[in-house]
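So the chains spell out like this:
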Amino acid sequence: MGVSNYDLVILGSGPAGEGAAMNAVKLGKKVAVVEQNPFVGGSCTHLGTIPSKALRHAVKQIMDFNTNPLFREIGDPRWFSFPKVLKSAEKVIQKQVQSRTMYYSRNRIDLYFGRGTFVDEHTIEVIEKGGNIERLHATNIIIATGSRPYRPADVDFSHSRVFDSDTILELTNTPRRMIIYGAGVIGSEYASIFSGLGVLVDLVDTRDRLLSFLDTEISDALGYQLRKMNVIIRHNEEYLKVEPLDDGVVMHLKSGKKLKADLLLWANGRAGNTQNMGLELIGLKSDSRGQLEVDQHYQTDISHISAAGDVIGWPSLASAAYDQGRSAAGNVGSLQKWRYVNEVPTGIYTIPEISSLGATEEELTAAAIPYEVGKALFSRLARAQITGEKVGMLKILFHRDTEEVLGIHCFGDQASEIVHIGQAVMAQTGEANSIRYFLNTTFNYPTMAEAYRVAALDGINRLF
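Only a predicted model underlies this, so the values are computations on that prediction, with no experimental measurement involved.

Rules and cut-offs
- Residues numbered from 1 in each chain as written.
- Predicted model: local features only at pLDDT ≥ 70, side-chain atom pairs only at ≥ 80, totals over all residues.
- Heavy atoms only, no water.
- Pairing = 2+ DSSP bridges.
- Helix = DSSP H or I, 4+ residues; strand = E, 2+ residues; numbered from the N terminus.
- Axes fitted to C-alpha atoms, helices over the stretch in contact; angles between N-to-C directions.
- Core = buried A, V, L, I, M, F, W, Y, C linked by side-chain atoms within 4.5 Å.
- Buried < 20%, exposed > 50% of the residue type's maximum accessible area, 1.4 Å probe, protein only.
- Contact = heavy atoms within 4.5 Å.
- Parallel < 35°, antiparallel > 145°, perpendicular 65-115°, else oblique.
- Left-handed = near helix turned anticlockwise from the far one by under 90°.
- Nonpolar A, V, L, I, M, F, W, Y, C, P; charged D, E, K, R; others polar.
- Phe/Tyr/Trp six-rings, centres within 6.5 Å; stacked < 30°, edge-to-face > 60°.
- Lys NZ or Arg CZ within 6 Å of the ring centre and 35° of its normal.

A. Summary view of the sheet that holds strand 10 (residues 231-234). Spatial strand order, 7-14-8-9-10: five strands in an open sheet with parallel pairing. One side of each edge strand has no neighbouring strand; the edge strands of this open sheet are strand 7 (162-164) and strand 10. Looking at each pair of strands side by side, their axes are set apart by 20 degrees on average, direction ignored. Strand direction decides the pairing type here: strand 8 (residues 177-181) and strand 14 (residues 263-266), joined by four bridges, are parallel.

And the structure:
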């Protein structure tokens, strides 16, 4: 058993681990990354963000083909099975793994593939797949082990008809009807994906509206579009028990209702990957969801051990995880002050997609902040009319006295891209953050970005 010394050892090669590794090596540190799977990328690349978004894109292409009259000259609408669509996602995963493996190689970062556990506060033991054991001694350690789907003990996930957001990628057939329990980001995204393939979906929501952290108007728009896609949304419901059968699965709800479908997708929460890694040996504790608490420097209660990404909880986004990892490595690797990631645009890849940043109307009203609204409906934009993506809108909230942009909310095609223009303006200080930026800037025409000019004009016209 060999012992190797490093300035920094990182547990996990997902977005947080990769961000930390790349930043640390640029700061002149000797870095090792431990990944328990045979390939780099973490759940983001193999089970979460990449495969689900690749799936979504493929399904959207199918929907466009089947609904666009122009394509009827080519042929009739086509039906595609879930496994067939999944193959397109697998190709993207392979490309992502190749790219990310090259990043580690090019930056001379040592990779260890195996299970990493703490021996003491500065030592990680790695049991590699072949049984070889390595010990890594580190001045600093970053825990970036990510998260996994939360599984309640009373649901039998070993049954062939019960899935979570990881195992759904192993589905070998296309169901006619399915139940999705949990109408958060993951549940809503998969409701879009499967309904786009013609599957009848029961979306069970434990709350009174979809994605309640969103602006109400945006949340309502999502609900409307899902219902148009034949998704049945059941609000304020909780499961009593799940009954797997040979020919399907029955979900008993506390309200007395019973739902039956070909399969169940459980999408109700995630838990941090902190189990069986020896945290108890160093006195580090996780909460009931397996998440670690950190300060604004991403340090745990043990100052030389940091954590970043899904394992620390909010916002559980790949985009934020990468920046959290970079900041965590920067804080332990130099005297520079790295930022605490607390302003993150929401990106939700439903069909159509959603993205937002800043305050909602409800929050501004509750805080008694005088605001005004500017809107641009996609149906009135030339670019949207050209592409046929006419569903959606851009909504800008701004202070009616100072004209400061307070919130950007977008629903529709390319929303996750469109939001970044507003994000850049909101990040400016003082008078530079103003809705008038969109009036005094020339946007290409026709583009979706033009929505900012249209929305700004709409909002300014409301002032008196």
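That covers the picture; the talk isn't over yet.
B. Representation of the nonpolar core. Counting 46 residues, the largest nonpolar core has V9, I10, F118, L136 and I143 as the members making the most contacts within it. Among the elements that take part in this core, helix 1 (residues 15-26) stands out by supplying six residues, more than any other. Apart from the residues within four sequence positions on either side, I143 is in contact with L11, F118, M277, L279, L284, L292, I305, S306, A307, A308 and V311. If you look at the next biggest cluster of nonpolar residues, it comprises 41 residues, including L211, A221, L265 and I354.

C. Spatial organisation of the packing of helix 3 (residues 49-67) against helix 4 (residues 82-106). Their axes nearest at 8 Å, the elements helix 3 and helix 4 cross at an angle of 130 degrees. The pairing of helix 3 with helix 4 is recorded here as oblique in orientation. Crossing of helix 3 against helix 4: the hand is right-handed. Contacts between helix 3 and helix 4 involve I50, P51, A54, L55, A58, V59 and I62 on the former and, on the latter, F82, V85, L86, S88, A89, V92, I93 and Q96. When grouped by side-chain class, the residues that make up the contact of helix 3 with helix 4 number 13 nonpolar, two polar and no charged.

D. Structural context of the packing of aromatic side chains. For the coordinates displayed, the defined rule picks out 10 aromatic pairs. With 4.9 Å between their ring centres and 15 degrees between their planes, F82 and F194 make a pair best called stacked. A residue pair is termed long-range when its members are at least 10 positions apart, and F82 in helix 4 and F194 in helix 5 (residues 185-196) qualify at 112 residues. Both residues of the pair, F82 and F194, belong to the buried class. Measuring from ring centre to ring centre gives 4.9 Å for Y239 and W266, while their planes differ by 90 degrees; the resulting arrangement is edge-to-face. Residue Y239 is located in strand 11 (residues 239-245), and its partner W266 is located in strand 14; the two are separated by 27 residues in the primary sequence. A relative accessible area of 16% places Y239 in the buried class. Joined through ring pairs, the aromatic side chains of F157, Y181, Y239 and W266 make up one cluster. Taking NZ or CZ as reference, K30 lies 5.0 Å from the ring centre of Y6, over its face.

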